[in-house]
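Descriptive analysis of the structure
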Amino acid sequence: MRTLLLGLMLVSYGGYSFAEEASSEDKLQQDDKNTRDGYYFSIGTGYWNHESPLREKRNGLALVINGRYQWNGFFVELANGSSGTANLPTLGYNFYGNEHWNFDLLYAITDGTGEIRYEMDGKTHEMSTLPISGVGLRALGSWGNTTLQLVGLNSFNSEFRSDTALDYAALWLGHRWQIKNWSLNGLVGAKYRSSDLMNYSFGVTEREADKIVSAYETSSGVDYTAQIDLTYPIRKNVLFQIYATHTQFSDEMLDSPIIKYARKWENRPEKEQTFGIIVHYVF
């Protein structure tokens, strides 16, 4: 759940980050039954600065939790990474794997809640959306220190039904460079949302429109993200990390009157940027 306060307006958005599992895959503790059976879990804290058009600026202490457990191919993942926002567990089944590729059936949260409240003409107006769940496939490729991850999901919840077979897709490419005891990690990615999903999350119907928020219908959109982090093992189970993330949102999202109003109210940036200095304890 991501929450921002805009005076009389409260807007919150959340979502699942598929980049987290790609960046921690090499740290899994594995056994001999399945190349991915085993577990990984870490908890960390430190300084975190986050600016975004979707929420108020956050600056200060952060709690970071990352974990994954797999048994006989069935797995659960929990990511609370560079965005600093908690995500619901992701469930899946690793149905095929070889030297370079693993393929998963996946259930995840693709987009979180959206809510807006504001006063106009003495009345309180509300607009809201429920979290979007997605079911689909994930492919994870690995060649030495290079990883490639592709995700395709069909989204749904009790209020949202899509007419398209692919509502959410993500592609992440990462590489790690080892410099003595330092590990330099780079990650670039793109995230696609269908027009149905974009309109559900950022569109405004004629019934919802008023003097503050105008009607808005959009097409599909693609966001682009780049992340770089530097890690150093302080002790056997203690990891020091510095990271920075930059996200360019689609014009279709930025043109939403909901986002425009939020940016105007607190002079928020067009792009999302995150910087953190975290110390992790790895179990």
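Scope of this entry: the structure provided in the associated data block.

About the thresholds
Residues numbered from 1 in each chain as written. Predicted model: local features only at pLDDT ≥ 70, side-chain atom pairs only at ≥ 80, totals over all residues. Heavy atoms only, no water. Helix = DSSP H or I, 4+ residues; strand = E, 2+ residues; numbered from the N terminus. Buried < 20%, exposed > 50% of the residue type's maximum accessible area, 1.4 Å probe, protein only. Contact = heavy atoms within 4.5 Å. Areas by Shrake-Rupley, 256 points an atom, 1.4 Å probe, with all protein chains shown as cover. Phe/Tyr/Trp six-rings, centres within 6.5 Å; stacked < 30°, edge-to-face > 60°. Patch = residues over 30% accessible without salt bridge, like charges linked within 9 Å, V, L, I, M, F, W, Y side chains within 5 Å. Salt bridge = Lys/Arg side-chain N within 4 Å of Asp/Glu carboxyl O. Polar contact = N/O pair within 3.5 Å; in protein donor to acceptor, adjacent residues only side chain to side chain.

Okay, the overall build of the protein next. Scanning the protein from terminus to terminus reveals four helices and 17 strands. Each of the 283 residues in the protein was classed as buried or not, and the buried ones make up 48%. Expressed as a percentage of contacts within the protein between residues at least 6 apart in sequence, the contacts between residues at least 24 apart total 60%. Working note: accessible area of the protein is about 14,100 Å², and carbon and sulfur atoms make up 58% of it.

Turning our attention to the packing of aromatic side chains. Applying the stated criterion across every chain, the model contains nine aromatic pairs. Considering the side-chain rings of Trp182 and Tyr232, the 4.8 Å spacing of their centres and the 40° angle between planes classify their relative orientation as tilted. With Trp182 in strand S14 (residues 182-193) and Tyr232 in strand S15 (residues 221-235), the pair connects residues that are 50 residues apart, well separated along the chain. Using a relative accessible area of 33% as the deciding quantity, one classes Trp182 as partly exposed. Relative to Phe283, the ring of Tyr281 has its centre 4.9 Å away and its plane inclined at 75°; by these criteria the two rings are edge-to-face. We classify Tyr281 as partly exposed; its relative accessible area is 39%.

A grouping of Tyr39, Tyr69, Trp71, Phe74, Val76, Leu91, Tyr107, Val135 and Phe156 is seen on the molecular surface, where their side chains present a nonpolar patch of about 860 Å² in accessible area. Broken down by secondary-structure element, the contributors of at least two residues to the nonpolar patch are strand S5 (55-71) and strand S6 (74-80). Relative to the elements of secondary structure, Phe156 occurs in strand S12 (residues 146-156).

Tracing the chain through its elements places Gln178 in strand S13 (residues 168-179). In the structure, Gln178 is positioned 33 residues away from Asn145 in sequence and 9.1 Å away in space, judged by C-alpha atoms. There is a polar contact of 3.2 Å between the side chain of Gln178 and the backbone oxygen of Trp182.

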